[in-house]
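If you want the building blocks of each chain, they are given just below.
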Amino acid sequence: MNNTPVTPVEEDEIDLKAIFSTLYRYKISIILIALLSFMLAAAYAYFKPSVYTASTSIELQAQRYWGGQTTDFMTQAFGGGSTNLDNEQLVLQSRFLAQKALSYLDIGTRYYTTRGYREVELYREAPFIVNIQYIDERAYGLMMELVPLDTEHFELRIDPPSQWTVRGILRRIGLLEPLKETPITYSGEHTFGETIATPWFKLQVRRIAEMGTKPYRFSVMPNEEMWGMVQGGITTSLPTKMGSILLISYQDNSPLRAKEVVNAVAQAYLDQEIERKTAEADHTLAFIDGQLDAINKALQSSQKNLERFKQSNIVVDISEKATLMAEKLSDYESKLQELDIQQNVLSNLQEYISSNDDISGIALGAEGFANENLMQMIAELKKKTVERNALLVEYTPLHPDVVKLSESISSLRRSIMYTLDSTLAVIVQRKQSLNKIISDYKRSLEALPVQEQRLANLTRSTMVNEKIYEFLLEKRAETAILRSSTVSKTRVIDKAMVPAVPTKPKRSLIAVVGLILGLIGGIALAFLREFIDNTVKSKEDIEQLTTIPLYGMIPTVKGKKFNSIFFEAFRALRTNLEFMRSDTPYKTIAVTSTVSGEGKTTVASNLAAILAKGGKKVVVLDLDMRRAKLSEYFDLGNEKGLSTLLSHRHTLDEVLQHSEQDGVDVIAAGPVPPNPSELIMSEHAETLINTLRERYDHVILDTPPVGLVTDAAILMHRADASLLVARYGYSKKEFVRGLDRLIKDHKIEHVGLVFNGVNLEKNYGYGYGYGYKYGGDKYYS
C-alpha cells in the first residue's frame, strides 16, 4: 500500500462533522447538565412564592395651570397635563400616602404555614389571631413558631438565629461584628386566650378555627411601621399618554392583601385631597370669624353710643339732604374699610410668601378679598409645594422631577409677587380716591347744626359697621357652603378585585428557560472540554494531524461481542499489512508509539497471535528493556531475555520461550541493563534479527516509545514495516502531529498508524486503510 498523504482540513473552515461529533461524544454530559438545570429551575419555580397583582384605576380631573385650564390649546400643545400626571404618580408612591393608607389596614402581624414543601402566607386565612399588647423593638419582625398540642394548648418557640447563614458565617470568621445583644430565645407551653408576658412582648393567641397539629409561624411589626412594604409594592402607570387615568397596582404574596392595599392607597389619595381642601376652607372660616368678632364689637359699641345720645338729647329729624349725605358717606366708609381689610390681608400674604420658602401651610382666608386669578395661582403654588415636599422624601433636590417643580415654583412665586404688587397699588389708589370723596362729604356735614351733625356721625358709624358685618356674614355663609360641598376631583373607576391567578413566577417559562440554559451550558462545556482536551478522539483527528496512513482501528474490549470485534480488527490490520509492501514480504514488523501507555505491547502481542492463527511462525521481541511488559502479557518469566542474550550471558535457544498461543514464541526483555541503547544498536542485535528472520515467518519488534528515546527509530530502519500506535483519548495531538517530521528526519519508509482503544459505543468503526469498514452493532446483527 502506498503512503498517499491525506490533505488536512483548513483551520479556518467550519467542520460541521467535527462539531456534531463533539456533541455526540459528550451527549451524556450535555443531557445530564440540561436535566440538572431543568430540575434546579423547576425546584426554584416551585419554591418561589407566588406573587399576585391587584389593580385599580382612578381618573384625575383636569387641574388649572397659571389661571388656565388643561383644555387650553397651549397647555395641551406643551404637555402640561402630562407633567401633572407624572407628579401625581410620585405622590401615589410616596411614603406619607403609604402611611395614611395604613390607617385603613391591619397588616402588621403576618402568618405562615407549610403546604407541601412550600412556605405560604395565610393573611386572613390563619386559624388563629395574635393580639399584641406590647412589643419591644428587638422583637420587631422576629419569627415565632406556634405548634398546636391539642384544641386548648400550644407551644410557642423562638429559636436563636442559625450560625450557618451567610451573616452567621461572616460573624464566625470575623468579617462581621458579633451581635451586641444576646438573641431572643423563648419556649413555653400556653393555653389559647392566655396572656403571654415576656420582657420582649406581651400578647394573646386566640384560636378561631381548627388547626390540626402542623406548626405555624408568625411575625409582628407595629402596623404604622409597615409603610415600607406598602410603598415598595405600589406601581403606577398611564394606560394612555394623553389621558388623565392612572392605573395603580400592588404586588403581594397574598391576593386578598394585594386587593385591600391597593384600594386603601386609592382611598387615602382621595381622602388626602378632600382633607387638604377642607383645611383651606377651615382656615378661611377662621379668618372670617376673627373679622366678624372685631366688627361685631365695633357695631355694638356704635349702637350703644347712638342710643345714649338719643336718650340724653332731644332728637330732631335730620333733613333729607343730611340723611342722603350720611348714607352716601357710610357707603364710602364701608368700601374704604373693605379696602383696608383687603390691603391688610394681601400685605400679610405678600410678607409671608417673601419670607417663607415653604408655603404649604398658608391659610387661604383671603379668598373673598382677592381676584380669582391670584387665588388660582396661590392654590397652584401650594399644590406644587406639597408635591415637591413629597418628592423630597424619596429623592434629592437634584432629581430631575424635583428640579422641574422647583423651577415651576420659582416662576409662580414671581408671578404672585408681581400680581400682589399690582393689586396693592390699585387698592392704594382706590383708597386715596375714597378718602377724598369722604373728606368732601364730611365738610358738607360740618355745615349742619352741632346736634344734627353729631347724630349724623353716630348714625353713619352704625350703618358702616352693619354693612361690613353683613358683608362678612355673606362671605362666611359662602365658605361654609363650599366646605360642606367639598368633594374630591378624583374618582375611582374600577376598584381592585382579588386576583385569581398569580402573575409571578412564570413557572413553566422558568423550567423551559432552565432547560435551554442547561443545554447551552452543556454544549458550551462540551466544546470547552474539547478545546482543553488535546488528545486524539477520532479517525478524522488522525487524518487531520498526520499524512501517515491509518492501517487499523482497535476497539476496546467489553463483553463477548466486543471481544470478537477486537480480534476482527487485528485481522483487518493483518490484511492491510499484506498490502503495505509490494517489493518484498513483510517479515520484520516494528511496533512503537509516541509515549508509554498507548498500547504498543497489546498491539504487538495480538498481532502475533493473529498472524500465528494464519499458520505462520511468529516470534515477538520485547526491545523496550526499560519498561518490560511483554512477558507479563504472555504470562512468562523475565529472568532472562534480550538483555542477557545481547550481553552474551545466554544463547538464543536459552532465551526463547513458547507461549500458550500455538506458533508464537517470545523473547522477553530480561533484567534491565545499564546500557539498553548500546545493546540495541550493536551488531549482535542486527545479527539476532537476521537469524530470527530465517527461522520464523514474522519477527515482531516491541520497541521503546519513539517519542522518548531514539532506539525505536533505529529498529524501524531494520524492519520491513513499522506500526505507530496512537491511543484514543490518551495520545497527544502535538505528538501525533510530530510523527511526520520524525519519519521525514529519519527517512523511514513503510510506516502505518494503528488507532488503539477506540470506543465502539460511540459509533467509532474500524476499517481497512483503503476504506472497507466494519463498525457498530449493525454489522454484527
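Residues numbered from 1 in each chain as written. Predicted model: local features only at pLDDT ≥ 70, side-chain atom pairs only at ≥ 80, totals over all residues. Heavy atoms only, no water.

### Thoughts on the packing of helix α2 (residues 27-47) against helix α13 (residues 507-532)
Remark: α2 packs on α13, axes separated minimally by 7 Å, with the N-to-C direction vectors making an angle of 150 degrees. Viewed along their axes, α2 and α13 adopt a mutual orientation that is roughly antiparallel. Crossing geometry of α2 relative to α13 is assigned as right-handed. Of the residues contributing to the contact of α2 with α13, the split by class is 16 nonpolar, 6 polar and 2 charged. (Axes fitted to C-alpha atoms, helices over the stretch in contact; angles between N-to-C directions. Helix = DSSP H or I, 4+ residues; strand = E, 2+ residues; numbered from the N terminus. Parallel < 35°, antiparallel > 145°, perpendicular 65-115°, else oblique. Left-handed = near helix turned anticlockwise from the far one by under 90°. Nonpolar A, V, L, I, M, F, W, Y, C, P; charged D, E, K, R; others polar.)

### As for the sheet that holds strand β6 (residues 153-158)
As summarised here, the arrangement of the 6 strands in space is β3-β2-β10-β5-β6-β7, forming an open sheet in which the pairing is antiparallel. Among the strands making up the open sheet, the edge pair consists of β3 (118-121) and β7 (186-191). Here the average twist between neighbouring strands, direction ignored, is 25 degrees. Where strand β2 (residues 109-115) meets strand β10 (residues 216-220), 4 bridges bridge the pair, whose relative direction is antiparallel. (Pairing = 2+ DSSP bridges.)

### Focus on the nonpolar core
Soluble globular proteins: nonpolar side chains tend toward being buried together. L621, I667, L692 and L724 are the most contacted members of the largest nonpolar core, which totals 46 residues. Beyond its immediate chain neighbours, meaning those up to four positions away, L692 contacts V619, L621, L652, I667 and V699. Within the second largest apolar cluster, 29 residues are counted, among which are L60, I234, A264 and Y269. (Core = buried A, V, L, I, M, F, W, Y, C linked by side-chain atoms within 4.5 Å. Buried < 20%, exposed > 50% of the residue type's maximum accessible area, 1.4 Å probe, protein only. Contact = heavy atoms within 4.5 Å.)

### So, the packing of aromatic side chains
Scanning the model with the defined rule gives 10 aromatic pairs in all. Taken together, a centroid distance of 5.1 Å and an interplanar angle of 70 degrees make the contact between F566 and F570 edge-to-face. Residue F566 and its partner F570 are located together in helix α15 (residues 559-578), separated by 4 residues, close to a single helical turn. A ring pair is formed by Y633 and F634, whose centres lie 5.8 Å apart and whose planes are at 75 degrees; its orientation type is edge-to-face. Overall, the relative accessible area of 41% leaves Y633 in the partly exposed class. Just above the ring of Y24 sits the side chain of K27; from NZ or CZ to the centre is 3.9 Å. (Phe/Tyr/Trp six-rings, centres within 6.5 Å; stacked < 30°, edge-to-face > 60°. Lys NZ or Arg CZ within 6 Å of the ring centre and 35° of its normal.)

### Remarks on the sheet that holds strand β11 (residues 234-237)
Taken in spatial order, the 4 strands line up as β11-β12-β1-β13 in an open sheet, and their pairing is antiparallel. Lying at the two open borders of the sheet, with one neighbouring strand each, are β11 and β13 (490-494). This sheet shows a mean twist of 30 degrees between the axes of neighbouring strands, independent of strand direction.

### Things to note about the side chain of S605
Among the structural elements, S605 can be located in helix α16 (residues 600-613). Among all residues touching S605, those that are not within four sequence positions of it are L630, Y633 and F634.

### Section: the pattern of salt bridges
Opposite charge on two side chains makes pairing possible when the charged atoms of those side chains draw close. Per the stated rule, a full pass over the model turns up 17 salt bridges. For R257, the salt bridge is made with E121, and the minimal N-O distance between the two is 2.5 Å. With a gap of 136 residues between them, R257 in helix α8 (residues 255-312) and E121 in strand β3 connect regions that are remote in the sequence. Assessed through its relative accessible area of 13%, E121 is described here as buried. (Salt bridge = Lys/Arg side-chain N within 4 Å of Asp/Glu carboxyl O.)

### Some remarks on the side chain of R257
Exposure remark for R257: the relative accessible area of 1% places this residue in the buried category. Other than its neighbours up to four places away in sequence, R257 contacts I107, R110, E121, Y123, M229 and D252.

### Focus: the confidence of the model for the protein chain
Per-residue confidence for the protein chain gives a mean pLDDT of 79, with 80% of residues at or over 70. Below pLDDT 50 for its whole length, residues 62-83 participates in 30 contacts with residues either more than four positions away or in separate chains. (pLDDT = per-residue confidence, 0-100.)

### Points about the pairing of strand β14 (residues 550-555)
In terms of burial, β14 is a largely internal element, 6 of the 6 residues being buried. Sheet analysis places β14 next to strand β21 (residues 751-758), joined by 5 bridges and oriented parallel. Bridging across to β21, M553 finds its partner in F755.

### Some points on the environment of P183
Its location among the elements puts P183 in the loop between α6 (166-172) and β7. Since its relative accessible area comes to 32%, P183 is described here as partly exposed.

### Describing the pairing of strand β1 (residues 52-60)
Bridge count for β1 against strand β12 (residues 245-252) is 8 bridges, and the pairing is antiparallel. If you follow T53 over to β12, its bridge partner there is Q251. Where β1 meets β13, 4 bridges bridge the pair, whose relative direction is antiparallel. Residue pairing in the sheet places S57 in a bridge with D494 of β13.

### A few points about the packing of helix α1 (residues 16-25) against α13
As a packed pair, α1 and α13 sit with axes 10 Å apart at the nearest point and diverge in direction by 105 degrees. The angle between α1 and α13 falls in the class roughly perpendicular. For the pair α1 and α13, contact is made by I19, T22, L23 and R25 and by I523, A526, F527 and E530, respectively. Of the residues that constitute the contact of α1 with α13, the class distribution is 5 nonpolar, 1 polar and 2 charged.

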